[in-house]
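# Tertiary structure, described
Each chain is listed here by its residues.
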Amino acid sequence: MASKPAPDSPPAGGDTEQDDLSTLMARYQDADQQGVEELVNRLSPILYRFFISSTRDQTVSEDLLQECWMRIHRARHSFRRGEPLLPWVFAIARHTQLDNYRSRSRRRSREILVDSLPENQHYTMQPRLASRENFENLLAELPESQREVIVMMKVSGMTLEEVANATSSTVGAVKQKAHRAYEKLRRVLMERGTDHR
Amino acid sequence: MLTCKQMDELLDSRMGLPGLRLPEPFQAHLDSCARCRHLFTALSAETPATSNVDNVSRQIAARLTDGLKPVKPLSSTPVSALRVITVFLLITAALLGGLGTAAVKGMTSTQMTAFLLMAAAGVIALAFSLSWQVAPGARHRWRPAFLLAGLSFAVVFCFLFLFPWPETSRNFAGGWQCARSGVALAIPAGLLLWLTIRRGEPLALPTLGATVGGAAALIAVLILQFNCPKHEALHLTLWHAGILLVCMGLGALVGWVCQMWPRRSLS
């Protein structure tokens, strides 16, 4: 078996980037307004990508993004300085999404009882998004647990260990999910028969 | 020649890097393997920027900065754990001071040493687990579920193998008395422990509840061990160790109810 060549560039989600974000979070804790604005500007796009990859709905994703930031705001004291920020942020984002699923399920069960109209339901794929051959559409082929791992690694550049911390899982379990996702994506891409760009 | 599995390992560490130049062996593999080439192209392509987030980001930033006040960050993990251990010891000392240690004479030095070592290891592990659980995204060196199962197993193992088996199976009512007292001691202990960690932001409340319940039950088991004269394996396993399971279950239930309770939303 061939030995694995040594990497020649830093791993994804580099330490410098993480340090910058941790510093911005510390400034947020110290009530530095500029720090907050910069942090929001840097994290919002990746959080939005995280939400839209599973909801596939712009409005719901924007609502989730706002809710997530409100939670981050309430929980900002619970970030321990010097630790990586992304696992902390994504753990909160993940639970924002989970709570949204829960409340949506509760609401839906009540709606069924009163024969609510189906068009009120969220998370239906919007035509504009459905016609776009993009990263989200590719990820839609994956189960939720595999999709969140790939999004965290791809969009935010988190390492396996950081994803494990954010998802309250183990590195082994995350790795297994990622590798299953790669296999599934290989099959999907081969079926489509074209390079995805 | 590299395998697809080795490409997976590469993707694990470099997926977020667009436009990455690969070392020669990896490039050679991509040239010969269409499956990996398609996957690598898809995952290493730059994800287009999301256009509509800027507006939302500005609104969010405006709301967050409105009346923004500084906050004191959570203490480091060792400090938080030390605080839990201190509270654990203070509660235990206060209860032992009030209720006494009449039954200590009934234990051999081996039983005493093993039991105290097990309790000490348990409280340290529980304290660290609690301090990880109150910080989102913290690295758990041991999973809470494994810890609680391990603690229960250690207590049962300690009782079953270190204490003598009874000659008769009477005293059921006496055992029930121990269990009730134990749970009655554990409930206020659990509340005090929760007050110690309440500043954090736990995300999995049932798990946190079970862990607090486990720590509170450990206090109750310690107190009972020093006060209950029936040092028989069956009695200890059923009525003393049973408190652990009851309190963990109660804690998990309380956590679950709190989690289901609709949270205040600022949005």
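Residues numbered from 1 in each chain as written. Chains lettered and ligands numbered in written order. Predicted model: local features only at pLDDT ≥ 70, side-chain atom pairs only at ≥ 80, totals over all residues.

The next thing to look at is the overall build of chain B. Looking only at helices and strands, chain B has ten helices and zero strands in total. Scanning chain B from its N terminus toward the C terminus, one meets helices and strands in the order α-α-α-α-α-α-α-α-α-α. For chain B, with 267 residues in total, the buried portion stands at 39%. For chain B, long-range pairs separated by at least 24 residues make up 86% of all intrachain contacts whose partners lie at least 6 apart in sequence. (Helix = DSSP H or I, 4+ residues; strand = E, 2+ residues; numbered from the N terminus. Buried ≥ 20, exposed ≤ 12 C-beta atoms within 10 Å, placed from the backbone. Contact = placed C-beta atoms within 7 Å.)

As assigned here, chain B comprises domain 1 (4–44) and domain 2 (77–260). Each of domain 1 of chain B and domain 2 of chain B has a C-alpha centre, and the two are 50 Å apart. (Domains from an automatic or database assignment.)

Next up on the list: the packing of helix α6 (residues 109–133) of chain B against helix α7 (residues 144–162) of chain B. For any two helices packed against each other, the geometry is given by the interaxial angle and the distance between the axes. All names here are of chain B. Interaxial distance between α6 and α7 falls to 10 Å at its minimum, and their mutual angle equals 170°. By the angle between their axes, α6 is roughly antiparallel relative to α7. Here T110, Q111, A114, F115, M118, G122, A125, L126, S129 and Q133 of α6 come into contact with α7, specifically with P144, L147, L151, A154, V155, C158 and L162. Classifying every residue of the contact of α6 with α7 gives twelve nonpolar, five polar and no charged. (Axes fitted to C-alpha atoms, helices over the stretch in contact; angles between N-to-C directions. Parallel < 35°, antiparallel > 145°, perpendicular 65-115°, else oblique. Nonpolar A, V, L, I, M, F, W, Y, C, P; charged D, E, K, R; others polar.)

What follows is about the confidence of the model for chain B. Scored by pLDDT, chain B comes out at a mean of 87, with 90% of its residues at no less than 70. For this predicted complex, the interface score ipTM comes out at 0.83, alongside a pTM of 0.81. (pLDDT = per-residue confidence, 0-100.)

L47(A), V89(A) and V163(A) are the most contacted members of the largest nonpolar core, which has 64 residues in total. Here this core gets ten residues from one element, more than from any other, and that element is helix α2 (residues 33–55) of chain A. Aside from chain neighbours lying at most four places away, what touches V89(A) is L43(A) and I72(A). Formed by 54 residues, the second largest nonpolar core is a distinct cluster that contains L130(B), C178(B), A215(B) and W239(B). (Core = buried A, V, L, I, M, F, W, Y, C linked by C-beta atoms within 7 Å.)

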